[in-house]
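# Coordinate analysis (summary)
One letter stands for each residue in the lines below.
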Amino acid sequence: MNGLPSESQQVPGQRRVMIVTYGCQMNVFDSHRMAQVLLRDGYVETMEPAEADVIIFNTCSVRDKPEKKVLGSLSRLLPLKEIKPVLFGVAGCVAQQHGQALLDKVPYLDFVVGPDNIAQLPQIVADARHGSRTARADWMDRHNYDFIPLDPAVEPGPTAFLTIIKGCDNFCSYCVVPYVRGREVSKPLELTLREVGMLVDAGVSEVTLLGQNVNSWGRGLPGEPTFPDLLEAVSAVPGLKRLRFVTSHPADASDRLLGLFGHLPNLAEYLHLPLQAGSDDVLARMRRKYDSAQYLDRIRTVRRACPDIALSTDIIVGFPGETRQDFERTLAVVREVDYDLMYSFKYSPRPGTRAAGWVDDVPEAEKAARLAELQSMQDEITRRRMQRFLGRTEEVLVEGPSKSSRKGAAFEIMGRTRTNYIVNFCVDGATIPAPGELVQVRIDKILAHCLKGVPVG
Ligand code: 5AD
Ligand code: SF4
């Protein structure tokens, strides 16, 4: 989490919060928002349980078995309560799903806060400090969604995430998101533009627009604006160097949206387009609203607009009823698309979803074997695709020092290409570029997970 006062700025007696984040990018952003509202309430952040006055577990139930995990982690921290009056809270999906029942079940838990109740966190924590245990996990009114205003004073990093739509109306048969994050609510255009402007004024160079399905942004807003309208407007915010967005649904990825790649100068050439499976039978049972031919048509369309775009995807293996033949269709589509990056998962039933009622009939060992086969195929594709950068000069947005930043007399800097690859490059101590700066880097080495190069010009 960026932007909270550092250790050196702490004053004695100041309260400290530790936030442990599981799961997706949405959760990272929610943790950030929790840190923000507590910062305004006088807290600083710590990563040390022994220092913390409040420890919050921000949980995700998309793939994990999060209840078990979070209760295990909490019980391991229980001895802290004997030393000092530390408060334990649970946030995120588990909080939303179980609410008060979780407080009733776990006597040493002090509060439960759902994703729509983050603004009330200071009050919830204050109540808990006075012995009143609260669970707040209400859905917000769909027509009056209270997005927490950004505080530019605590967003000084070079890159920032900004939620523009929360929830999801798609109800894919395996997915718990619509149940735990609720129905779609879009952030109004004017508010989004104001927030992007505030981020840029605070020094942010790159903004990633965030949502479970950003493509359906605008539904339900006055005048029914569309996501391409929003992208065009955000892209024109003065001073915004780079714009990205995640996640997209293939069925909602319109020609107009895909045509913006290679057209809006600051829209980075990277698209995450979850395929989930290559078999049309499996896609139909997943209720994905597209078949493999329609998906491949989206890929061809975006590549026509922007041939060098980097593509990534999500795949689930071992969905109920997935045969070896079905799985081979997934391999075939993955091979045909030639992704830069893949996130792949073994199917696990999520309570309350449609697929949870079906027999989870692919044996665990078979799921693991399919996952390994798919991942080793993708590793090879990624390695090959990275080679295309050798000798090219890439625009790199500097994020900061690399992990091994001091190299003799030189400093190593870490940044990302427009296509979202990590690049490390060395500069001498006199010319260290600032985070957020764009540097032209000639790529001269391809490593397993990143590119290396030398700054030019
Ligand atoms: N089992 C396995 N993977 C899942 N995902 C979502 N639900 C499940 C599940 N029940 C994966 C999908 C989604 C990503 C965020 O998590 O691939 O795109
Ligand atoms: Fe889940 Fe499907 Fe919505 Fe993605 S689009 S969040 S997989 S229901």
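Predicted model, so just to flag it, every value in this text is computed and none were measured.

## Thoughts on the overall build of the chain
Scanning the chain from N- to C-terminus turns up 14 helices and 19 strands. On C-alpha atoms alone, the chain measures out to a radius of gyration of 23 Å, which is about the 23 Å that the 2.2 N^0.38 rule sets for 457 residues. On the principal axes, the C-alpha backbone points of the chain span a range of 65 × 60 × 50 Å. Counting the 457 residues in the chain, one finds 55% classified as buried. Within the chain, counting contacts between residues at least 6 apart in sequence, those at least 24 apart form 71% of the total. Here the chain has roughly 19,400 Å² of accessible surface; of this, 54% comes from carbon and sulfur atoms. Put simply, the chain has 55 plus and 57 minus side-chain charges, and the middle of one group is 2 Å from the middle of the other.

## Focus on helix α6 (residues 121-129)
Since the α-helix turns once every 3.6 residues, residues separated by three or four places project in the same direction. Considered for burial, the residues of α6 that qualify are L121, P122, I124, V125, A126 and A128. Phi turns positive, to about 90°, at G131, one or two residues after α6.

## Quick look at the sheet that holds strand β11 (residues 242-246)
What links the strands of a sheet is backbone hydrogen bonding, and the strands pair in either a parallel or an antiparallel sense. Pairing is parallel across the open sheet formed by three strands, whose spatial order is β7-β10-β11. The open sheet has two edge strands, β7 (159-163) and β11, and neither has a second partner. Neighbour-to-neighbour, the strand axes of the sheet open up by a mean angle of 25°, direction not taken into account. Pairing between strand β10 (residues 206-210) and β11: five bridges, direction parallel. Opposite T208, over in β11, you have R244 as the bridge partner.

## Overview of helix α12 (residues 292-305)
Given a rise of 1.5 Å per residue, 14 residues ought to cover 20 Å, and the 20 Å separating the end C-alpha atoms of α12 matches this to within 8%. Those residues of α12 not exposed but buried are S292, Y295, L296, R298, I299, T301 and V302. Where α12 is buried, its residues touch α10 (255-259), β12 (270-272), α11 (280-286), β13 (310-317) and α13 (324-337).

## Here we look at the packing of helix α8 (residues 189-201) against helix α9 (residues 227-235)
Angle between the axes and distance between the axes are the two parameters that describe a pair of packed helices. Packing of α8 against α9 leaves a shortest axis separation of 10 Å and a crossing angle of 30°. Put simply, α8 runs roughly parallel to α9. Crossing handedness for the pair α8 and α9: right-handed. Of the residues in α9, those touching α8 at L189, T192, L193 and V196 are L230, A233 and V234.

## Here's the deal with the environment of L189
As for its position among the elements, L189 is in helix α8. Of the residues examined, L189 reaches a relative accessible area of 25% and is grouped as partly exposed. The spatial distance from the C-alpha of L189 to the C-alpha of L230 is 6.7 Å, given a sequence separation of 41 residues.

## Here's the deal with the packing of aromatic side chains
Under the criterion given, the structure shown has nine aromatic pairs. Here the aromatic rings of Y174 and F319 are separated by 6.3 Å at their centres, their planes lie at 85°, and the arrangement is edge-to-face. Taken together, the residues span a long stretch of sequence, with Y174 in the loop between β8 (165-166) and α7 (177-180) and F319 in the loop between β13 and α13 at a distance of 145 residues. When sorted by exposure, Y174 lands in the same class as F319, which is buried. A cation over an aromatic ring shows up here: K81 above the ring of F88, its NZ or CZ 4.8 Å from the ring centre.

## Looking at the environment of V125
Secondary-structure assignment places V125 in helix α6. When its relative accessible area of 1% is taken as the criterion, V125 is described as buried. If we ignore the near neighbours within four places in the chain, the residues touching V125 are L38, Y43, V54, L87 and F111.

## What to know about the confidence of the model for the chain
On average, residues of the chain carry a pLDDT of 89, and 92% of them reach 70 or more. Low pLDDT (under 50) marks residues 1-10, which in the prediction has 24 contacts with non-local residues, meaning those over four places away or in another chain.

## Focus: the site of ligand 2
Looking at ligand 2, the residues that line it are C168, N170, F171, C172, Y174, C175, V177, P178, Q212, H249 and R288. In terms of residue class, the shell around ligand 2 is built from seven nonpolar, three polar and one charged.

## A look at the site of ligand 1
Close contacts around ligand 1 come from V62, R63, Y174, Q276, D314, I316, F345, K346, Y347, S348 and R350, and that covers them all. In this structure, Y174 approaches ligand 1 through a main-chain N or O atom, which is 3.1 Å from a nitrogen atom. Here an oxygen atom of ligand 1 sits 2.6 Å away from a polar atom, N or O, in the side chain of D314. Compared with its free state, where it exposes 400 Å², ligand 1 has 88% of that area covered by protein. Counting only elements with at least two residues in the shell around ligand 1, the list comes to β13 and β14 (341-346).

## Observations concerning the pattern of salt bridges
Enumeration according to the criterion identifies 31 salt bridges in this entry. A salt bridge links R183 to D169; the shortest N-O distance between them is 3.0 Å. Of this pair, R183 sits in the loop between α7 and β9 (185-186) while D169 sits in the loop between β8 and α7, and the two are 14 residues apart along the sequence. Take R183: its relative accessible area is 42%, and that puts it in the partly exposed class. The network of salt bridges with shared partners includes D308, D338, D340, R384, R385, R388, R392 and E394.

## Considering the pairing of strand β18 (residues 438-446)
In terms of strand pairing, β18 meets strand β19 (residues 451-455) through five bridges, oriented antiparallel. Bridge pairing in β19 places I443 opposite G453. Between the antiparallel neighbours β18 and β19 lie four residues.

## Here's the deal with the side chain of S173
Here S173 shows up in the loop between β8 and α7. For S173, a relative accessible area of 1% gives the class buried. At 2.7 Å, the side chain of S173 forms a polar contact with the backbone oxygen of R285. Look past the residues within four positions of S173 in its chain and what remains in contact with it is R285, M286, R287, F319, T353, R354, A355 and W358.

Conventions adopted
Residues numbered from 1 in each chain as written. Chains lettered and ligands numbered in written order. Predicted model: local features only at pLDDT ≥ 70, side-chain atom pairs only at ≥ 80, totals over all residues. Heavy atoms only, no water. Helix = DSSP H or I, 4+ residues; strand = E, 2+ residues; numbered from the N terminus. Rg over C-alpha atoms; globule rule 2.2 N^0.38 Å. Buried < 20%, exposed > 50% of the residue type's maximum accessible area, 1.4 Å probe, protein only. Contact = heavy atoms within 4.5 Å. Areas by Shrake-Rupley, 256 points an atom, 1.4 Å probe, with all protein chains shown as cover. Lys, Arg positive; Asp, Glu negative; His and termini not counted. Charge placed at Lys NZ, Arg CZ, Asp CG, Glu CD. Pairing = 2+ DSSP bridges. Axes fitted to C-alpha atoms, helices over the stretch in contact; angles between N-to-C directions. Expected span 1.5 Å × (residues − 1). Parallel < 35°, antiparallel > 145°, perpendicular 65-115°, else oblique. Left-handed = near helix turned anticlockwise from the far one by under 90°. Phe/Tyr/Trp six-rings, centres within 6.5 Å; stacked < 30°, edge-to-face > 60°. Lys NZ or Arg CZ within 6 Å of the ring centre and 35° of its normal. pLDDT = per-residue confidence, 0-100. Near = heavy atom within 4 Å. Nonpolar A, V, L, I, M, F, W, Y, C, P; charged D, E, K, R; others polar. Polar contact = N/O pair within 3.5 Å; in protein donor to acceptor, adjacent residues only side chain to side chain. Salt bridge = Lys/Arg side-chain N within 4 Å of Asp/Glu carboxyl O.

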